[in-house]
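Observations on the three-dimensional arrangement
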Amino acid sequence: MRKSLTKKERMKKRDISKVFEISESIKISCIRLLYYKNSFTWNRIAVVLRKGYGNSVERNRARRVIKEIYREMKNSLPLGYDFIFLLTNKITNYKAANIIMVSLFKRAGLMDASGKFI
């Protein structure tokens, strides 16, 4: 199965604002996960940074890190969800962001306590 993010897996601006209005939300440390059950048979993702999140290098690196972590675990996630990762504070490193994202999926009920995705 393809691991890269395809065009249909990226959310458009109008979809992002819709998910912001009607989604459920969980926050751990510097990342807030907004998720919503969509009507598709695939997941969609967006990475949003709060205003004033560092310079362009830091913003782009944060987006790349989050997308890479998601890309690695996307084949294990349940299908039919929109995910928005809202970054509020700066990410310290890849490993910390990975731990936070796994914890977010566990708290959202998309992963059981043993670490397997539902």
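Note: the structure precedes this text.
1. Some details on the overall build of the protein
Broken down by element type, the protein carries three helices and four strands. Sequence-ordered secondary structure for the protein, helices as α and strands as β, is α-β-β-β-α-β-α. Relative to the globule expectation of 13 Å for 118 residues, the C-alpha radius of gyration of the protein, 13 Å, shows essentially globular dimensions. Sequence separation of at least 24 residues holds for 76% of the intrachain contacts in the protein that already meet a minimum separation of 6. Separation between the mean location of the 27 positive side-chain charges and that of the 9 negative ones in the protein comes to 5 Å.

2. Examining the environment of A97
Here A97 lies in helix α3 (residues 94-107). If we ignore the near neighbours within four places in the chain, the residues touching A97 are I31, V65, I69 and I91.

3. Some details on helix α1 (residues 13-22)
Among all positions in α1, only D15, I16 and V19 are buried. One face of α1 carries all of its buried residues, which in axial projection span an arc of 100 degrees. Turned more than 90 degrees off the buried face of α1, the exposed positions are K13, R14 and E21. Packing partners of the buried residues in α1 comprise β2 (31-37), β3 (44-49) and β4 (81-87).

4. A look at the pairing of β3
Within β3, five of the six residues are buried, which leaves the element mostly enclosed by the surrounding structure. Sheet topology places β3 next to β4; six bridges connect them, and they run parallel. Bridge pairing in β4 places L49 opposite L87. With respect to chirality, the unit in which β3 leads through helix α2 (residues 56-73) into the neighbouring parallel β4 is left-handed.

5. Observations regarding the pattern of salt bridges
For the structure on display, the rule yields five salt bridges. With a shortest N-O distance of 2.8 Å, D82 and R44 are connected by a salt bridge. With D82 in strand β4 and R44 in strand β3, the pair connects residues that are 38 residues apart, well separated along the chain. By relative accessible area, R44 is classed as buried at 10%. For K90, the salt bridge identified is with E58, shortest N-O distance 3.3 Å. Of this pair, K90 sits in the loop between β4 and α3 while E58 sits in helix α2, and the two are 32 residues apart along the sequence. Under the relative-accessibility criterion, E58 is labelled partly exposed at 31%. Through salt bridges with shared partners, a single network forms among D15, R44 and D82.

What counts, and at which threshold
- Residues numbered from 1 in each chain as written.
- Predicted model: local features only at pLDDT ≥ 70, side-chain atom pairs only at ≥ 80, totals over all residues.
- Heavy atoms only, no water.
- Helix = DSSP H or I, 4+ residues; strand = E, 2+ residues; numbered from the N terminus.
- Rg over C-alpha atoms; globule rule 2.2 N^0.38 Å.
- Contact = heavy atoms within 4.5 Å.
- Lys, Arg positive; Asp, Glu negative; His and termini not counted.
- Charge placed at Lys NZ, Arg CZ, Asp CG, Glu CD.
- Buried < 20%, exposed > 50% of the residue type's maximum accessible area, 1.4 Å probe, protein only.
- Arc of directions from axis to C-beta.
- Pairing = 2+ DSSP bridges.
- Right-handed = clockwise from strand over helix to strand, strands pointing away.
- Salt bridge = Lys/Arg side-chain N within 4 Å of Asp/Glu carboxyl O.

It is worth stressing that arrangement in space is one thing and function is another; only the former is reported here.
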